[in-house]
Amino acid sequence: PETFRGWNDIRGPTLFGGLRNNGILTCVITCSILLILWASGAITLAAAFATTVCSSLLVVIVAAWTLRRRLRAVDGQPQPAAPSSGAWSTGRVLHEGWPLWLASLIAVLRVQANGWFTAGFDNAENVALFAIAERFVLLMTAPLTIVNLLLPPVVAELHARGENKRMERVVQAVGGLASLPCIVILLLIVLAGRQALGLLFGAHYEAAYPLLVILCIGQVANMATGSWQVVLRMTGLRSQTLRVSMYAAAVQFSCSIVGGYVAGVLGVAIGACAGAIVGNLLGLLAARRYLGIWTFISVRRAVLMEAVALLTKRMSGLMPSRARRG
């Protein structure tokens, strides 16, 4: 999917997804089959697992076939001359990419570590409360995650042209536009989160509300600092991205261990919040220091209109060429 995005083709990542985020096809196929199994009374844990695996394999096959056709079409066309950056090889790719690979690994460990710490410092009932709160808070960051899928090729293109100030406006604009639904979801969580937890999961899970609020504080920092992750990665600041990830993980793990020992799952939630705040602030400052730009969101009308124009232009690429001509 990232290969499609490198071609400014948003349809590929949207349909096929990636390792950490399922695409539309996987979700549609899996949900449809599970719905049929549920309606027929044949749904089991084994059937659900097999359905998920088979759906993912099918989508991978379709994505590989589509990519192969795309590569064949590109090979048959004359390509514009690109500025030479030296000969690329597997060794050079690994050398250039290992900081980003390690940073991604640390990000995964930070997410998984919450479950490990809660299980180590508290009982099963409180671990379940933390898990529900952690999943529920993902609703808040969903709009920002979706919109950020459009940014990598834009940031790389503007940085290659040396238009960092324009890149700053674009990043702030997209972040500001994505923050609007995030703010609405945050208000709903704060005002009606306890009732929503009880309605969706049962009265017992209303006790997860304090954990939910604490985790939301960390996500507010993630939202407010904008898309610094995309900016650092797509402008070649690989080692800086890795250092930010390491510092954030160190803060999160240290605070979670101490907090978990003192206060159980509540302390782990505070540790996760502290790691999110420190990591996002460091990322924001790294973008300012090395690129001279601020990535924090902006909700000014002119900035939001620029984001709408950018998204309209990018989303037009999702439409078939026949519809665009019409």
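The structure contained in this document is the topic of the report that follows. The shown structure was predicted, so the numbers you read here are calculated from the model rather than taken from an experiment. (Residues numbered from 1 in each chain as written. Predicted model: local features only at pLDDT ≥ 70, side-chain atom pairs only at ≥ 80, totals over all residues. Heavy atoms only, no water.)

Observations regarding the overall build of the chain
- Helix and strand content of the chain: 15 helices and 0 strands.
- For the chain, the proportion of contacts with a sequence separation of at least 24, taken over those separated by at least 6, is 74%.
- Looking at the chain as shown, the accessible area adds up to about 18,500 Å², and 68% of this sits on carbon and sulfur atoms. (Helix = DSSP H or I, 4+ residues; strand = E, 2+ residues; numbered from the N terminus. Contact = heavy atoms within 4.5 Å. Areas by Shrake-Rupley, 256 points an atom, 1.4 Å probe, with all protein chains shown as cover.)

Section: helix H10 (residues 209–224)
- For H10, built from 16 residues, the straight-helix expectation of 22 Å at 1.5 Å per residue is met to within 8% by its first-to-last C-alpha distance of 22 Å.
- When we look at burial in H10, the residues that qualify are Tyr209, Leu211, Leu212, Ile214, Leu215, Cys216, Gly218, Ala221, Asn222 and Met223.
- On the buried face of H10, the contacting elements are helix H6 (124–136), helix H7 (138–148), helix H9 (164–201), helix H11 (228–234) and helix H13 (265–291).
- Following H10 by one or two positions, Gly226 adopts a phi angle in the positive range, close to 80°. (Expected span 1.5 Å × (residues − 1). Buried < 20%, exposed > 50% of the residue type's maximum accessible area, 1.4 Å probe, protein only.)

Remarks on the packing of H7 against H9
- The N-to-C vectors of H7 and H9 enclose an angle of 165°; their axes lie 7 Å apart at closest approach. Judged on the interaxial angle alone, H9 and H7 are roughly antiparallel. Our pair here, H7 against H9, has a crossing hand that is right-handed. Here H7 contributes Leu139, Met140, Pro143, Leu144 and Val147 to the contact with H9, which in turn contributes Val174, Gly175, Ala178, Pro181, Cys182, Ile185, Leu186 and Ile189.
- For the contact of H7 with H9, the per-class residue count stands at 12 nonpolar, 1 polar and no charged. (Axes fitted to C-alpha atoms, helices over the stretch in contact; angles between N-to-C directions. Parallel < 35°, antiparallel > 145°, perpendicular 65-115°, else oblique. Left-handed = near helix turned anticlockwise from the far one by under 90°. Nonpolar A, V, L, I, M, F, W, Y, C, P; charged D, E, K, R; others polar.)

Things to note about the packing of aromatic side chains
- Throughout the structure, instances matching the rule amount to 4 aromatic pairs.
- The interplanar angle of 65° and the centroid separation of 6.2 Å between the aromatic rings of Phe201 and Tyr205 together place this pair among those described as edge-to-face.
- Since its relative accessible area comes to 35%, Phe201 is described here as partly exposed.
- The interplanar angle of 35° and the centroid separation of 5.7 Å between the aromatic rings of Trp294 and Phe296 together place this pair among those described as tilted.
- Residue classification places Trp294 among the partly exposed positions, given a relative accessible area of 27%.
- Residue Phe296 is classed as partly exposed on the basis of its relative accessible area, which comes to 34%. (Phe/Tyr/Trp six-rings, centres within 6.5 Å; stacked < 30°, edge-to-face > 60°.)

Details of the nonpolar core
- Among the nonpolar cores identified, the biggest contains 24 residues, and Leu197, Leu211, Leu212 and Cys216 are the most heavily contacted of them.
- Considering each element in turn, this core owes the most residues, 6 residues, to H10.
- Excluding residues that lie within four positions of it along the chain, Leu212 makes contacts with Ala133, Phe136, Val137, Ile189, Gly193 and Leu197. (Core = buried A, V, L, I, M, F, W, Y, C linked by side-chain atoms within 4.5 Å.)

Focus on the pattern of salt bridges
- Applying the stated criterion across every chain yields a total of 3 salt bridges.
- Two residues, Arg161 and Glu157, come together in a salt bridge whose shortest N-O distance is 2.5 Å.
- A salt bridge links Glu168 to Lys165; the nearest nitrogen and oxygen atoms lie 3.8 Å apart. With Glu168 and Lys165 both in helix H9, this residue pair falls 3 residues apart, about one helical turn.
- Glu168 gets classed as buried once you look at its relative accessible area, which sits at 11%. (Salt bridge = Lys/Arg side-chain N within 4 Å of Asp/Glu carboxyl O.)

Observations concerning the side chain of Asn164
- As for its position among the elements, Asn164 is in helix H9.
- The class of Asn164 is buried, set by a relative accessible area of 18%.
- When near neighbours in sequence (up to four residues on either side) are disregarded, Asn164 contacts His159, Leu291 and Ile293.

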